[in-house]
Amino acid sequence: MTIREIRDLLDAQVLTCEQSLDHQVFSACGSDMMSDVLAYVKDQAVLLTGLVNSQVVRTAEMMDMVCIVFVRSKQPTPEILELAKEAGIVVMATKKRMYEACGKLYHSGLRKTDSKGDAGAAQ
Amino acid sequence: MSEAVRFHFDVDGENFTSAGEASVAIKKTLRQMGFSPDIIRRVSIAMYEGEINMVIHAGGGKADVTVDSEKIEIVLADNGPGIADIGLAMQEGYSTAPDNIRSLGFGAGMGLPNMKRYTDSMDIQSTVGKGTTITMQIRIA
Ligand SMILES: Nc1ncnc2c1ncn2[C@@H]1O[C@H](COP(=O)(O)OP(=O)(O)OP(=O)(O)O)[C@@H](O)[C@H]1O
Ligand SMILES: [Mg+2]
């Protein structure tokens, strides 16, 4: 799936790195706990979260993730968007809640399991 | 690489927003030095967890990274409250983080075990009331 398709499925607004919308992604995870993302996530490329602070971007950057989706209409600050831009991470915001957003992406085929065979972390 | 390369960072304990800047800088540097994505990710995650710990548990500290021909070494030193029972702190799920830290997305008690998992060696020296020094090594050769 491309990041563009994620945007369309979630009716999301893209806030940074529009030029990377055609990037292919194969897996995603949803969590509000960055501790868990750092501990359990393997190769997921997309992070869906309802948490909004600069550590969301740093966590994604450390994990080599390429796209952050803020759910429930959370609006990141300009400072957060600047960090994401520097890291080359696509940030988007959707009105959908976590459950529905993850469900839509999973249903549409974004469900590849990681190298260890576990399903993507979802809290 | 014949000579070791060293990097030093002061980690500000007052500012949660800037926590992780040292890890981001090291990640960029290792990329420029041509390390494999796997090595870079292991160093990044271990250092970032340690950096966040210094900010949320110890009021900040210092981070020193040394790269030589055999390994990448990360030393995180703080003058915080120290860790009374290191064995307990190393257990998954053990955390003394207050609710306000949890609302920032941290405090699951996963950081120290994660640091151990992603490094080849990890040593914790800690004295209650004095501070904590964590030394982690990742072999590159
Ligand atoms: N630098 C430090 N100084 C003092 N205490 C520390 C330090 N690092 C860790 N600790 C103690 O060890 C506990 C476990 O640390 P660990 O990183 O595993 O979990 P956490 O930081 O509480 O949560 P998480 O890392 O999942 O966000 C902490 O809750 C804290 O009590
Ligand atoms: Mg921690």
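Refer to the preceding data block for the structure.
Computed from a prediction, not measured in an experiment: that's the story for all the values here.

Undergrad: Quick question: what am I supposed to make of the interface of chain A and chain B here?
TA: As a measure of interface size, the accessible area lost when the parts come together is often cited. Facing 22 residues of chain A, the contacting portion of chain B comprises 27 residues. Regarding the contact of chain A and chain B, the summed buried area is about 2,000 Å², with carbon and sulfur atoms giving 52% of it. Two residues, E21 of chain B and R58 of chain A, come together in a salt bridge whose shortest N-O distance is 3.9 Å. In this structure, the connection of chain A to chain B is made through 20 residue pairs in polar contact (both at pLDDT 80 or more). Broken down by class, the residue content of the side of chain A that touches chain B amounts to 9 nonpolar, 5 polar and 8 charged.

Undergrad: Is there a simple way to explain the site of ligand 1 in this structure?
TA: Around ligand 1 sit 22 residues in total, of which S35 of chain A together with H57, S95, T96 and G107 of chain B are the nearest. The environment of ligand 1 is shared, with nearby residues belonging to chains A and B. D78 of chain B has a polar side-chain atom sitting 3.0 Å from a nitrogen atom of ligand 1. A distance of 2.8 Å separates an oxygen atom of ligand 1 from a polar atom in the backbone of M110 of chain B. The cavity that encloses ligand 1 is the largest pocket. Elements with a minimum of two residues in the shell around ligand 1: α2 (37–58) and α5 (111–118) of chain B.

Undergrad: When you look at the pairing of strand β3 (residues 46–49) of chain A in this model, what are you seeing that I'm missing?
TA: Here is the key point about a regular strand: its side chains alternate between the two faces of the sheet. All names here are of chain A. Residues V46 and L48 point to one face of β3 and L47 and T49 to the other, with burial holding for every one of them. Where strand β2 (residues 28–30) meets β3, 3 bridges bridge the pair, whose relative direction is parallel. The residue of β3 that forms the bridge with C29 is L47. For the crossover that starts at β2, traverses helix α2 (residues 34–40) and ends in the parallel β3, the hand is right-handed. Here β3 pairs with strand β4 (residues 67–70) via 4 bridges, running parallel. When the sheet's bridge partners are listed, L48 is paired in β4 with V69. Following the chain from β3 across helix α3 (residues 54–62) to the adjacent parallel β4, one finds a crossover that is right-handed.

Undergrad: Can you help me understand the layout of surface pockets in this one?
TA: A probe as big as a water molecule, rolled over the atoms, marks out the empty space that is left. Residue and element names in this part refer to chain B. By volume, the largest pocket amounts to about 580 Å³. Around the largest pocket, the lining is made up of 31 residues, and of these N53, H57, I83, T96 and L112 lie nearest the centre. Listed by contribution, the elements that provide at least two residues to the lining of the largest pocket are α2, β3 (71–78), α3 (86–89), α5 and β5 (131–139). The element that contributes the greatest number of residues to the lining of the largest pocket is α2, accounting for 8 residues. Tallied by class, the residues present in the lining of the largest pocket amount to 17 nonpolar, 11 polar and 3 charged.

Rules of the game
- Residues numbered from 1 in each chain as written.
- Chains lettered and ligands numbered in written order.
- Predicted model: local features only at pLDDT ≥ 70, side-chain atom pairs only at ≥ 80, totals over all residues.
- Heavy atoms only, no water.
- Contact = heavy atoms within 4.5 Å.
- Buried area = accessible area lost by both parts, 1.4 Å probe.
- Salt bridge = Lys/Arg side-chain N within 4 Å of Asp/Glu carboxyl O.
- Polar contact = N/O pair within 3.5 Å; in protein donor to acceptor, adjacent residues only side chain to side chain.
- Nonpolar A, V, L, I, M, F, W, Y, C, P; charged D, E, K, R; others polar.
- Near = heavy atom within 4 Å.
- 1 Å grid on protein atoms, 1.4 Å probe; cavity = no way out; pocket = protein on both sides within 12 Å on 5 of 7 lines; lining within 4 Å.
- Sits in = over half its atoms within 2 Å of the grid points.
- Helix = DSSP H or I, 4+ residues; strand = E, 2+ residues; numbered from the N terminus.
- Buried < 20%, exposed > 50% of the residue type's maximum accessible area, 1.4 Å probe, protein only.
- Pairing = 2+ DSSP bridges.
- Right-handed = clockwise from strand over helix to strand, strands pointing away.
- Points joined across faces, edges and corners; volume = space filled by probe spheres on them.

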